[in-house]
Amino acid sequence: MEELDGEPTVTLIPGVNSSKKQMCFDWGPGEMLVCETSFNKKEKSETVPGCPFIYIIRKDVDVYSQILRKLFNESHGIFVGLQRIEEELTGKSRKAQLVRVSKNYRSVIRACMEEMHQVATGPLLLHLLDWVRLHVCEVDNLLADVLGSENPRKHESFWKLVTILVLQGRLDEARQMLSKEADSSPTSAGMCRILGDLMRTMPVLSPGTTQTLTELELKWQHWHEECERHLQDGTFASSPHLESLCKIMLGDEAALLEQKELLNNWYHFLVTRLLYSHPTVKPIDLHFYAQSSLDLFLGGESSPEPLDNILMAAFEFDIHQVIKECSIALSNWWFVAHLTDLLDHCKLLQSHNLYFGSNMREFLLLEYASGLFAHHSLWQLGVDYFDYCPELGRVSLELHIERIPLSTEQKALKVLRICEQRQMTEQVRSICKILAMKAVRNNRLGSALSWSIRAKDAAFATLVSDRFLRDYCERGCFSDLDLIDNLGPAMMLSDRLTFLGKYREFHRLYGEKRFVDAASLLLSLMTSQIAPRSFWMTLLTDALPLLEQKQVIFSAEQTYELMRCLEDLTSGRPVHGEPDAQRLQDDDIETTKVEMLRLALARNLARAIIKEGSLEGS
Amino acid sequence: MHDAQMDYYGTRLATCSSDRSVKIFDVRNGGQILIADLRGHEGPVWQVAWAHPMYGNILASCSYDRKVIIWKEENGTWEKTHEHTGHDSSVNSVCWAPHDYGLILACGSSDGAISLLTYTGEGQWEVKKINNAHTIGCNAVSWAPAVVPGSLIDQPSGQKPNYIKKFASGGCDNLVKLWKEEEDGQWKEEQKLEAHSDWVRDVAWAPSIGLPTSTIASCSQDGRVFIWTCDDASGNTWSPKLLHKFNDVVWHVSWSITANILAVSGGDNKVTLWKESVDGQWVCISDVNKGQGSVSTSVTEGQQNEQ
């Protein structure tokens, strides 16, 4: 067994009796069943179960989350869009597109998180939520609160607010607050103004300027020194608040660490620290500062959490590590799958070759999509994801799509359409068969027939046709005439079906009084062997009214044929397998019928011969 | 309770137990409604198996009483539709063949024989028996997924493609055997897979994922689970890989529907989940353990043993 980086997670099943009883399990389409069994290797099988419950274990529970649902839906749209822009663009425009996709994902995540505000979530997300809440929403709320109050500077959170603003680098707003303080307090007015000035003059790199990094660096050094001087001179000595703010702006680590509570986490600490001590930090140096920030912030009191590991890996630009950490830490595949896909499109991913899925992107997408199939409607999103997995997507889709419960006709049609669009003929056949079977059981023969036709299932079509014919024999009429009348080329699917269609046509012709056509059709049904022998008696009986008509319908030739068929049929007796009593009774009826037929045929023959003879005569 | 099985869609659950009953529950939307309590066996029922939904709602059960019973739902009620009594000893395992082959049930028994019941229509079942499949007894049967040979050639519609039917069995002779149906309809032993040193308790043939390889998992009284793979299409060379040696008997192995996870239940009271990693090694990805503690699972009330 390969060495793992971490122990596999253990899922405990709440059970009362933990003596050595076996657990049995079974896979469902998207979940697993577990229960205690009676097997007990140590002692004789006990009759009383320790734990009488069966548990259903799901691994993709997030699929059922209401809030995440929106995330899944919207990210699905972005995902599909991303797959489609693939080969069209190159160079700059492509890069711009990819960045836009990234931004789309980010805004969708952001929207989701803001929605989560109202609802309690899992521990990892709480971290992120705290971040959003504190550093965006809460600060703004606080700002509004304080400014809106009668006497802002007397607000209990005033200094807290100013500090946060400085920590976040929102110096303009901080200055605004300070000016309020300056206005109302003559003693600190001077200091406030000086600090405010420092805030105003802090050099920042703004996009679009022609300023080089070196120039910025130089300016910043000057500014930094000026701040330092003020501190040394004791300009802010009489106001601990202002002094602390100045220290923060100098990037003093101790001062920053004092604000642990307001910073809330080490990456905020990192950002602030960099802002005020290494504003021109280069990406490659980022991880160094990240690591030290993490260490300083935690101060040996606590150990890094999974999210921390993810961020650290991100700061090191170690993509594979990020993906790996995410896979371990997060409860579903959503994030990793989409991230990896995007990175793959940016060609940033050197794919590992995996046995299953042939590369990491596909592997993760497969996992994510499989999870979606556990949901009664999100499975439709999963289809698209499988579509974009070139190696195993199709077969995975085939396996999953057959397991979707076809609870309504609409759902069945949806599933079928998806299969037909992708030429998944086996699945179409299988699903249609299932639906046809259900229809037959519920005696909806017309529905069953149309499903078997759609499935191109000759055997089943034969079965259903037989049922139709049997029904006709019993009741003397057809059900679902519309369907049978409009079979068209589908009639050719099976001999029995063709017979059914033609037989119905015979009845129609008869109804339209097109007796000659009806007659020849009837005859051809027997002579062409399309009609099953068991049905011949019925057909011949159908011929009776035609034989008894005033005018001669069957020609002599045709009558000879009919006679031959009748003799064929009668010589083929006795029918085996039937109980004697039944047979005798049937024989009686049969004999009468046969006699009647013989008589009718003979009479017709006579008339036909005469008729044909006389035509020539006159 | 000895076994529980979900149906094809995960909407129904069948359970069987020592109290000789087979129970069926509707488990949609986390509910648990007892639909049927099927009585007919005269001994503990070892295993149940759902047939493919295209044949309707059909369930097979096998028992210590040497019988295999096939139950069918007709007009909303469950009834016994067939009883097979061709074995001299406890029937330990039943498994339905891929639906493409028709309605065929394989049964493995302690009398060492394997019987194959094929539905031929009108309530009739045809029986083929493989005697002495495993000396002492057969504990498990598992069908290979249907693979259409020469599937590149179009079959005329209405004709059944010529499937090569295969299944695997595990027995008290410590062997896993692979069986193949010959052209004359007789079943022949195609392969003997030797690696276990004690009774083979379960075999599971992995679903096909479109690759030319075939994979079988087997577990045994000796605590070992092996993964057997065969790379060539003809199915001749099988190589075993030891998944893990557990400290106790391993009772059951089963593949998830896309064959990417293997679940194993063993005597150490755990169900472990395994996945193949980058370099072909099998890695344990989760432990499902019995014990105290709370977990986010939904609970379905099972049955109480009544004896």
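Reading the values: rules and limits
Residues numbered from 1 in each chain as written. Chains lettered and ligands numbered in written order. Predicted model: local features only at pLDDT ≥ 70, side-chain atom pairs only at ≥ 80, totals over all residues. Heavy atoms only, no water. Helix = DSSP H or I, 4+ residues; strand = E, 2+ residues; numbered from the N terminus. Buried < 20%, exposed > 50% of the residue type's maximum accessible area, 1.4 Å probe, protein only. Contact = heavy atoms within 4.5 Å. Areas by Shrake-Rupley, 256 points an atom, 1.4 Å probe, with all protein chains shown as cover. Phe/Tyr/Trp six-rings, centres within 6.5 Å; stacked < 30°, edge-to-face > 60°. Lys NZ or Arg CZ within 6 Å of the ring centre and 35° of its normal. UniProt positions renumbered as here; feature names shortened; annotations may be inferred. Core = buried A, V, L, I, M, F, W, Y, C linked by side-chain atoms within 4.5 Å. Expected span 1.5 Å × (residues − 1). pLDDT = per-residue confidence, 0-100. Pairing = 2+ DSSP bridges. Axes fitted to C-alpha atoms, helices over the stretch in contact; angles between N-to-C directions. Salt bridge = Lys/Arg side-chain N within 4 Å of Asp/Glu carboxyl O. Polar contact = N/O pair within 3.5 Å; in protein donor to acceptor, adjacent residues only side chain to side chain. Parallel < 35°, antiparallel > 145°, perpendicular 65-115°, else oblique. Left-handed = near helix turned anticlockwise from the far one by under 90°. Nonpolar A, V, L, I, M, F, W, Y, C, P; charged D, E, K, R; others polar.

Participant: What should I look at first to understand the overall build of chain B in this one?
Facilitator: Each helix and strand counted, chain B has zero helices and 25 strands in total. The buried share of chain B, reckoned over its 307 residues, is 61%. When contacts within chain B are restricted to residue pairs at least 6 apart in sequence, those whose partners lie at least 24 apart make up 44%. Surface summary for chain B: the accessible area is close to 12,300 Å², and the carbon and sulfur share equals 45%.

Participant: Where do I start with the packing of aromatic side chains in this structure?
Facilitator: Remark: the centre distance and the inter-plane angle together describe each pair of aromatic rings, the angle taken between the planes. Following the criterion strictly, the structure yields 31 aromatic pairs over all chains and no others. Their ring planes at 90 degrees and their centres at 6.4 Å tell us that Trp-46 of chain B and Tyr-64 of chain B sit as a pair that is edge-to-face. Pair noted here: Trp-46 of chain B is in strand β5 (residues 45-50) and Tyr-64 of chain B is in the loop between β6 (58-63) and β7 (68-74), with a separation of 18 residues, a long-range link. Taken together, a centroid distance of 5.9 Å and an interplanar angle of 75 degrees make the contact between Trp-50 of chain B and Trp-78 of chain B edge-to-face. Taken together, the positions of Trp-50 of chain B in strand β5 and Trp-78 of chain B in strand β8 (residues 77-84) put the pair 28 residues apart, joining distant regions of the chain. A relative accessible area of 11% places Trp-50 of chain B in the buried class. Taken together, the aromatic side chains of Tyr-472, Phe-499, Tyr-503, Phe-506, Tyr-510, Phe-515 and Phe-535 of chain A make up a single cluster linked through ring pairs. The ring of Phe-297 of chain A has Lys-260 of chain A lying over it, and the distance from NZ or CZ to the ring centre is 5.4 Å. Sitting over the face of the ring of Tyr-101 of chain B, Lys-165 of chain B holds its NZ or CZ atom 5.7 Å from the ring centroid.

Participant: Just to check I follow, could you spell out the UniProt feature "repeat: WD" (unreviewed entry) in chain B for this structure?
Facilitator: According to UniProt, the feature "repeat: WD" (unreviewed entry) maps to residues 38-81 and 193-228 of chain B in the numbering used here. Regarding residues 38-81 of chain B, the helix share stands at 0% and the strand share at 59%, and the terminal C-alpha atoms are separated by 12 Å.

Participant: Got a minute to help me understand the environment of Ser-239 of chain B in this structure?
Facilitator: Within the fold, Ser-239 of chain B resides in strand β20 (residues 238-245). Separated by 12 residues in the primary sequence, Ser-239 of chain B and Ile-227 of chain B place their C-alpha atoms 8.1 Å from one another.

Participant: I keep staring at the nonpolar core and nothing clicks. Help me out?
Facilitator: The nonpolar side chains of soluble globular proteins are, as a tendency, buried together. One finds Tyr-503 and Leu-539 of chain A together with Trp-96, Leu-105, Leu-262 and Val-264 of chain B to be the most contacted residues of the largest nonpolar core, which totals 150 residues. Setting aside its immediate chain neighbours within four residues, Tyr-503 of chain A contacts Leu-469, Tyr-472, Phe-478, Leu-525, Phe-535, Thr-538, Leu-539 and Asp-542 of chain A. In terms of nonpolar packing, the next biggest core, distinct from the first, is built from 54 residues, Trp-159, Val-166, Met-202 and Trp-223 of chain A among them.

Participant: Explain helix α1 (residues 66-84) of chain A here, please?
Facilitator: Given 3.6 residues to a turn, an α-helix orients residues that are three or four positions apart in the same direction. Taking 1.5 Å of rise per residue, 19 residues should cover 27 Å, and α1 of chain A covers 28 Å from first to last C-alpha, within 8% of that figure. When α1 of chain A is considered as a whole, its buried residues turn out to be Ile-67, Leu-68, Leu-71, Phe-72, Ser-75, His-76, Ile-78, Phe-79, Val-80, Leu-82 and Gln-83 of chain A.

Participant: Can you help me understand the confidence of the model for chain A in this one?
Facilitator: Low-pLDDT stretches of the model should not have their predicted coordinates read in fine detail. Residue and element names in this part refer to chain A. Per-residue pLDDT for chain A averages 79, and the proportion of residues at 70 or more is 82%. Within chain A, helix α17 (residues 379-387) carries the highest mean pLDDT (93), whereas helix α3 (residues 123-148) carries the lowest (62). In this model, residues 120-126 is a region of pLDDT below 50 whose contacts with residues beyond four sequence positions or in other chains number seven contacts. Within the model, pLDDT remains below 50 along residues 576-584, and this stretch shows four contacts once partners closer than five positions in the same chain are excluded.

Participant: What should I look at first to understand unusual backbone geometry in this one?
Facilitator: With glycine set apart, most residues show a phi of negative sign, and most peptide bonds adopt trans. All names here are of chain B. Residues other than glycine seldom take positive phi values, yet Arg-66 does so here, at roughly 75 degrees. Examined against the element boundaries, Arg-66 turns out to sit in the loop between β6 and β7. At Asn-75, a residue that is not glycine, the phi angle is positive and equals roughly 55 degrees. Mapped onto the elements of the fold, Asn-75 is located in the loop between β7 and β8. Asn-75 sits in the exposed class, given a relative accessible area of 69%.

Participant: It is not clear to me how the sheet that holds strand β17 (residues 200-205) of chain B should be interpreted in this structure. Could you clarify?
Facilitator: Paired through their backbone hydrogen bonds, the strands of a sheet run either parallel or antiparallel. Residue and element names in this part refer to chain B. The strand order across the open sheet formed by four strands is β17-β18-β19-β20, and the pairing between neighbours is antiparallel. Of all strands in the sheet, those with a lone pairing partner are β17 and β20, marking the two edges. Along the sheet, successive strands turn relative to each other by an average axial angle of 20 degrees, direction set aside. Bridge count between strand β18 (residues 214-220) and strand β19 (residues 224-230): six bridges; the pairing is antiparallel. Each residue of the ladder has a partner; that of Ser-214, found in β19, is Cys-230.

Participant: Would you take a moment to explain the pairing of strand β4 (residues 33-39) of chain B for this structure?
Facilitator: Two faces belong to every sheet, and in a regular strand the side chains alternate between them. Residues and elements named next belong to chain B. The pairing of strand β3 (residues 21-26) with β4 spans six bridges and is antiparallel. Each residue of the ladder has a partner; that of Ser-21, found in β4, is Arg-39. Linkage of β3 to β4, two consecutive antiparallel strands, is achieved through a turn of six residues, within which Asn-29 is found at a positive phi near 50 degrees.

Participant: Even after reading the chapter, I still don't get the sheet that holds β8 of chain B, so can you show me in this structure?
Facilitator: Residue and element names in this part refer to chain B. Strand order in the open sheet formed by four strands is β5-β6-β7-β8, with antiparallel pairing between adjacent strands. Two strands lie at the open edges of the sheet, namely β5 and β8, each paired on one side alone. Across this sheet, the average inter-strand angle for adjacent strands is 25 degrees, counted without regard to direction. As paired elements, β5 and β6 share five bridges and run antiparallel to each other. Across the sheet, the residue bridging to Gln-47 is Cys-62, located in β6.

Participant: What exactly am I supposed to notice about the pattern of salt bridges here?
Facilitator: Any two side chains of opposite charge can pair, on the condition that their charged atoms come close. All names here are of chain A. Tallied over the entire structure, the rule returns 37 salt bridges over all chains. A salt bridge links Asp-172 to Arg-175; its shortest N-O distance comes to 3.6 Å. Highlighted residues: Asp-172 and Arg-175, both in helix α5 (residues 171-184), separated by three residues, approximately one helical turn. Of the residues examined, Arg-175 reaches a relative accessible area of 29% and is grouped as partly exposed. Among the salt bridges present, the one from Arg-422 reaches Asp-387, with a minimum N-O distance of 2.5 Å. Of this pair, Arg-422 sits in the loop between α19 (409-421) and α20 (425-441) while Asp-387 sits in helix α17; the two residues are 35 residues apart in sequence, bridging distant segments of the chain. In this structure Arg-422 comes out as buried when scored by relative accessible area, which is 17%.

Participant: What is the right way to read the environment of Arg-533 of chain A from this model?
Facilitator: All names here are of chain A. Considering the arrangement of structural elements, one finds Arg-533 in helix α26 (residues 533-547). On the basis of relative accessible area, Arg-533 is assigned to the partly exposed category, the value being 42%. Note: C-alpha distance between Arg-533 and Leu-171 (362 residues apart in sequence) is 97 Å. Sequence-distant contacts of Arg-533, defined by excluding residues within four places in its chain, comprise Asp-568 and Leu-569. A distance of 3.1 Å separates a polar side-chain atom of Arg-533 from the backbone oxygen of Asp-568.

Participant: How do you make sense of the packing of α19 of chain A against α20 of chain A when you look at a structure like this?
Facilitator: Angle between the axes and distance between the axes: these two values describe a pair of packed helices. All names here are of chain A. Between α19 and α20, whose axes approach to 9 Å, the crossing angle comes to 160 degrees. In terms of orientation, α19 and α20 fall into the roughly antiparallel class. Crossing geometry of α19 relative to α20 is assigned as left-handed. Between α19, through Ala-412, Val-415, Leu-416, Cys-419 and Glu-420, and α20, the contact on the second element is made entirely by Gln-427, Val-428, Ile-431, Cys-432 and Leu-435. In terms of residue class, the contact of α19 with α20 is built from eight nonpolar, one polar and one charged.

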